[in-house]
Amino acid sequence: MNSGYSGRDRVLARIRRALADVPRAERPADAPVERAYLRVHGDRTTDETAELLAGNLADYRALVHRATEDELPGLLARQLAARGARSVLVPPGLPHAWTAAVDATLVHDLAGSTARELDAVDSVVTGCAVAIAETGTIVLDGGPDQGRRRITLVPDHHVCVVRVPDQVVDSVPQALERLDPRRPLTWISGPSATSDIELDRVEGVHGPRTLEVVLVRAPAPAQPAAAVQ
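Residues numbered from 1 in each chain as written. Predicted model: local features only at pLDDT ≥ 70, side-chain atom pairs only at ≥ 80, totals over all residues. Heavy atoms only, no water.

On to the side chain of Asp-170, then. Along the chain, Asp-170 falls in the loop between β8 (168-169) and α5 (172-178). Of the polar contacts made by the side chain of Asp-170, one reaches the side chain of Thr-49; its length is 2.9 Å. Once you skip the residues sitting within four places of it in the chain, Asp-170 turns out to touch Val-40, Arg-44, Thr-49, Ile-132, Ala-133 and Glu-134. (Helix = DSSP H or I, 4+ residues; strand = E, 2+ residues; numbered from the N terminus. Polar contact = N/O pair within 3.5 Å; in protein donor to acceptor, adjacent residues only side chain to side chain. Contact = heavy atoms within 4.5 Å.)

Burial of the side chains of strand β4 (residues 123-126) extends over both faces: Ser-123 and Val-125 are buried on one face and Val-124 and Thr-126 on the other. Relative to strand β7 (residues 157-164), β4 runs parallel, the two being bridged by three bridges. Residue Val-125 lies in a different strand from β7, and its bridge partner there is Val-159. (Buried < 20%, exposed > 50% of the residue type's maximum accessible area, 1.4 Å probe, protein only. Pairing = 2+ DSSP bridges.)

What follows is about the pattern of salt bridges. Per the stated rule, a full pass over the model turns up 12 salt bridges. Of the charged contacts in the structure, one is a salt bridge between Arg-148 and Asp-109, with a shortest N-O distance of 2.9 Å. Residue Arg-148 is located in the loop between β6 (137-140) and β7, and its partner Asp-109 is located in the loop between β3 (105-108) and α4 (115-119); the two are separated by 39 residues in the primary sequence. Among the charged side chains, a network of salt bridges with common partners joins Arg-44, Glu-134 and Asp-170. (Salt bridge = Lys/Arg side-chain N within 4 Å of Asp/Glu carboxyl O.)

Leu-53, Ile-138, Val-162, Val-213 and Leu-215 are the most contacted members of the largest nonpolar core, which totals 18 residues. Among the secondary structure elements, those contributing two or more residues to this core are α2 (46-59), β6, β7 and β12 (210-217). Ranked by the residues each element gives to this core, the list is headed by α2, at four residues. Once residues within four sequence positions are removed from consideration, Val-162 is found in contact with Cys-128, Ala-131, Ile-138, Gln-167, Val-168, Val-213, Val-214, Leu-215 and Val-216. (Core = buried A, V, L, I, M, F, W, Y, C linked by side-chain atoms within 4.5 Å.)

For the rest of this paragraph, the subject is a positive patch on the surface. Together, Arg-10, Arg-14, Arg-16 and Arg-17 line one region of the surface with positive charge. Turning to its location among the elements, Arg-14 is positioned in helix α1 (residues 7-18). You can call Arg-14 exposed: its relative accessible area is 56%. (Patch = residues over 30% accessible without salt bridge, like charges linked within 9 Å, V, L, I, M, F, W, Y side chains within 5 Å. Areas by Shrake-Rupley, 256 points an atom, 1.4 Å probe, with all protein chains shown as cover. Lys, Arg positive; Asp, Glu negative; His and termini not counted. Charge placed at Lys NZ, Arg CZ, Asp CG, Glu CD.)

Sheet strands pair via backbone hydrogen bonds, and the direction of the pair is either parallel or antiparallel. Pairing is parallel in the open sheet, where six strands are placed in the order β1-β12-β7-β4-β2-β3. One side of each edge strand has no neighbouring strand; the edge strands of this open sheet are β1 (63-68) and β3. Taking the axes of each pair of neighbouring strands and ignoring which way they run, one obtains an average angle of 25 degrees across the sheet. In terms of strand pairing, strand β2 (residues 87-90) meets β4 through two bridges, oriented parallel. Looking across to β4, one finds that Leu-89 is bridged to Val-124. (Axes fitted to C-alpha atoms, helices over the stretch in contact; angles between N-to-C directions.)

Once that is clear, we can look at unusual backbone geometry. Val-164 connects to Pro-165 through a cis peptide bond whose omega is 5 degrees. With respect to the element layout, Pro-165 can be found in the loop between β7 and β8. Of note, Arg-61 is a non-glycine position whose phi angle comes to about 75 degrees, a positive value. Tracing the backbone through its elements, the reader meets Arg-61 in the loop between α2 and β1.

The next point concerns the state of the cysteines. Tallying each qualifying case throughout the model produces zero disulfides. Looking at the unpaired Cys-128, the closest cysteine sulfur is the one in Cys-160, lying at 4.8 Å. Among the residues examined, Cys-128 registers a relative accessible area of 2% and is labelled buried. Its relative accessible area of 1% is what places Cys-160 among the buried residues. (Disulfide = S-S within 2.5 Å.)

So, about the environment of Ala-175. Relative to the helices and strands, Ala-175 resides in helix α5. Along the chain, Ala-175 and Ala-129 lie 46 residues apart, while their C-alpha atoms are 9.2 Å from each other. Non-local contacts of Ala-175, meaning those with residues more than four positions away in its chain, are made with Val-130, Ile-132 and Val-169.

This part takes up the sheet that holds strand β5 (residues 130-132). On the basis of which strands lie adjacent, the open sheet formed by four strands has the order β8-β5-β6-β9 and mixed pairing. With one partner strand each, in any of the chains shown, β8 and β9 (186-188) form the two edges of the open sheet. By the bridge criterion, two bridges tie β5 to β8 in an arrangement that is parallel. Across the sheet, the residue bridging to Ile-132 is Val-169, located in β8.

Structure follows, in C-alpha cells:
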C-alpha cells in the first residue's frame, strides 16, 4: 500500500529535524565554519618538492625527464625522434629555441583545424601553468606556450615542459592561488586512462596515450665576484 510518503519527503523531514534548533533569522554567514586546513603536508626543500613531483608523475605512468635549459632542445629532439614523430604540434607562444633541434614538421594550431587534422599529428609539445608535487598534477591554463585545450587532448603523445622551481608548488591550495578560474584549466595526472567494470585499464580514451614531462632546472644564480683587497 502506498502511504504517499516519498523519498523526497523523508529527506526533507531529516533536514527539518537537523535544523530544528537553528533560529529562523540565522544566515550561513552568522555561523562561521572553521577552515584551518593544512596548506602543505610536510616540510620540504625546493629539491625535495621537485623529487616528490617526479615520483608522483611516475606513479601515474608519466615518463619523467630532467634537463637544464641548454640541454632541453637536444632532449626534446631525441624524445620526438624516439617516438618516430614526423609532425609536432606547437602552441603559438612556445619558445622557438625549445624545438630548434627537432627534425620533424612543426604544425601550428589554427582556429580552423579540425579534430581529424589534430588526430593526424604525431606529438604535441607545450609548457604548463603550474605543477603540483603532492598530487603529481600538471595544470594547463591555455597560456601562449600551452595553446588551446584541444591540442593537448587529441594528439596521442604530449610532451610537457615544467620549469623548476618556478612552476612547481607543493599543494593544490598553492596552485589555486596562482590560477585564474576564468581561464580554461586542464588538470592532468598522467596519461589519459579509464577502466571498465572488470578493472581492465585502457589508455588514450579521452586524451594522450603517452605523457612525457620534462623538468627543466633553471640555472643557478651567478655568485658575486670576490672583492679585491
